[in-house]
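Close look at the chain arrangement
Letter by letter, the chains look like this.
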Amino acid sequence: MYKCFLITILFCYSYFSFGQCHDSEKVEKLKKYYSNSYLVSDSLLYRTLFFNEFPSSFKELNCYYGFGQNRRGVLVEEAKGHIFELFNNLNSINDTVYYNKIIKIAIGGKWNADAIFYFQYGLWSKVLKSPDLTVYLLNKYSDYEISNFFDFFFDGNNHPKWEVLPVQLEEISKQNKKIYSIMEKSFDNKWNTFREATY
């Protein structure tokens, strides 16, 4: 009897934690807006609607597009189109609005070899394109949140993307020494973890 009770509890936890974290109306909107974003007429409108409906936190992004043990995001099959092809390439959204959203998503993010990587790839591109705007917007967050952001930015399947800081990020030292120091520490931590795991 006790075993049956435990199995029921585990099933319910798994179902509600991983299976029902999405809103079916939001799923349908994301699919519709994505499809319509490639139409000639009103494509700008649908791209904006898609951006507004797109997840605003890492937890939500992972819920809809992530894939892992005991869970499969309801939009995992659409991830490449939704994230890699459309979201990462939205040029019609105001830069400040776009960067605010990607920063919020990245804070607390954890790398995974699923759609999360598609998002991370776009994040790299945007941050390297405009480190000054990134720093300006990060400045309103706590040191802990900034560290979280860079932990995700530099995260990668047990191997950091860069062996040295990209030149574009070196510019941050001129703009904000505190954020640069947090970024540098996060980068060093990723490399130290990698070195310890390989030796």
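Read on for a plain summary of the structure. Counting starts from 1 at the beginning of each chain's written sequence and moves along it residue by residue. In keeping with the model being predicted, local features are shown solely for residues with a pLDDT of at least 70 and side-chain atom pairs are shown and tallied solely at 80 or more, while totals for entire chains, interfaces and linings include all residues. Side-chain numbers come from the whole structure's heavy atoms, not from hydrogens or water.

Comments concerning the overall build of the protein
In this text, helices come from DSSP runs of H or I with a minimum length of four residues, and strands from runs of E with a minimum of two, each type numbered from the N-terminal end. When helices and strands are counted, the protein shows 12 helices and 2 strands. Going from N to C terminus, the protein has its helices and strands arranged as α-α-α-α-β-β-α-α-α-α-α-α-α-α. We call a residue buried when its accessible area falls under 20% of the maximum for its residue type, exposed when it is over 50%, and partly exposed in between, using a 1.4 Å probe and counting protein chains only. The 199 residues of the protein split such that 44% are buried. Contacts in the protein between residues far apart in sequence, at least 24 positions, make up 70% of those at least 6 positions apart. With the model as given, the accessible surface of the protein reaches about 11500 Å², and the carbon-plus-sulfur share is 54%. Contacts are assigned to residue pairs with any non-hydrogen atoms lying within 4.5 Å of each other. In short, Shrake-Rupley with a 1.4 Å probe defines the accessible areas, and a residue's cover is counted only from the protein chains shown.

Points about the packing of helix 6 (residues 95–106) against helix 7 (residues 115–129)
Think of two packed helices as two axes; the pair is described by the angle between the axes and how far apart they sit. Here an angle of 0 to 180 degrees is reported between the N-to-C directions of two axes, which are lines fitted to C-alpha atoms, with helices fitted over the stretch in contact. The contact between helix 6 and helix 7 brings their axes to 11 Å, and the two run at 130°. One way to sum up the angle between helix 6 and helix 7 is to call them oblique. Handedness of the helix 6/helix 7 crossing: left-handed. Residue-level contacts link Y98, Y99, I102, I105 and A106 of helix 6 to F119, L123, K126, V127 and K129 of helix 7. Each residue is assigned to one class: nonpolar for Ala, Val, Leu, Ile, Met, Phe, Trp, Tyr, Cys and Pro, charged for Asp, Glu, Lys and Arg, and polar for all the others, Gly among them. Tallied by class, residues from the contact of helix 6 with helix 7 come to 8 nonpolar, no polar and 2 charged. Here the word oblique covers every angle except those under 35 degrees (roughly parallel), over 145 (roughly antiparallel) and from 65 to 115 (roughly perpendicular). In this scheme, a crossing is called left-handed if the near helix is turned counterclockwise away from the far one by less than a right angle; it is called right-handed if the turn is clockwise.

Regarding the packing of helix 2 (residues 24–36) against helix 3 (residues 43–53)
At their nearest, the axes of helix 2 and helix 3 sit 8 Å apart, and the two run at 150° to each other. Here helix 3 runs roughly antiparallel to helix 2, going by the angle between their axes. The crossing of helix 2 and helix 3 is left-handed. Along the contact surface, helix 2 presents K26, K29, L30, K32, Y33, Y34 and N36, while helix 3 presents S43, Y46, L49, F50 and E53. A class-by-class count of the residues in the contact of helix 2 with helix 3 yields 6 nonpolar, 2 polar and 4 charged.

Comments concerning the pattern of salt bridges
In the sections that follow, a salt bridge refers to a side-chain nitrogen of Lys or Arg positioned within 4 Å of a carboxyl oxygen of Asp or Glu. Applying the stated criterion to the full structure yields 7 salt bridges. Put simply, E25 and K29 hold a salt bridge, and the shortest N to O gap is 3.4 Å. Of this pair, E25 and K29 both sit in helix 2, 4 residues apart, roughly one helical turn. For R72, the salt bridge identified is with E77, shortest N-O distance 2.2 Å. By relative accessible area, R72 is classed as partly exposed at 45%. You can call E77 exposed: its relative accessible area is 62%. Among the ionic contacts, a cluster of salt bridges with common partners joins K26, E53 and E60.

Brief notes about the packing of aromatic side chains
Two numbers describe a pair of aromatic rings. These are the distance of the centres and the angle of the planes. Two rings from Phe, Tyr or Trp (for Trp, the six-membered ring) form a pair when their centres are within 6.5 Å of each other. A pair whose planes differ by under 30 degrees is stacked, one over 60 is edge-to-face, and the rest are tilted. Inspection of the entire model under this criterion finds 24 aromatic pairs. Ring centres of F150 and F154 lie 6.1 Å apart, and the angle between their planes is 25°; this geometry places the pair in the stacked category. Of the two residues, F150 and F154 are both situated in helix 9 (residues 143–154); the distance of 4 residues between them amounts to about one turn of the helix. Judged on exposure class, the residue F150 and its partner F154 are both buried. Cluster of aromatic residues (ring-pair linked, three or more members): Y34, Y38, F50, F51, F54, F58, Y65, F87, Y98, Y99, F119 and F152. Look at NZ for Lys and CZ for Arg. If either is within 6 Å of the ring centre and within 35 degrees of the ring normal, a charge sits over the ring. Across the ring face of F51, the terminal group of K101 is positioned such that the distance to the ring centre comes to 4.6 Å. Residue placement shows K126 over the ring face of Y98; its charged tip is 4.9 Å from the ring centre.

Some thoughts on the side chain of D155
Within the element layout of this structure, D155 appears in the loop between helix 9 and helix 10 (167–170). Leaving out residues up to four positions away in the same chain, D155 has contacts with K110, W111, Q120, W124 and K190.

Points about the side chain of N88
With respect to the element layout, N88 can be found in the loop between helix 5 (79–86) and helix 6. If near-sequence neighbours (up to four positions away) are discounted, N88 is found in contact with I83, Y98, Y118, F119, G122 and K126.

A word on helix 7
Take the residue count of a helix, subtract one, and multiply by 1.5 Å to get its expected span. Between its first and last C-alpha atoms helix 7 spans 22 Å; for 15 residues at 1.5 Å apiece the expected length is 21 Å, and the two agree. All buried positions along helix 7 are accounted for by A115, I116, F119, Q120, G122, L123, W124, K126, V127 and L128. For helix 7, the secondary structure elements touched by its buried residues are helix 4 (58–65), helix 5, helix 6, helix 8 (131–138), helix 9 and helix 10.

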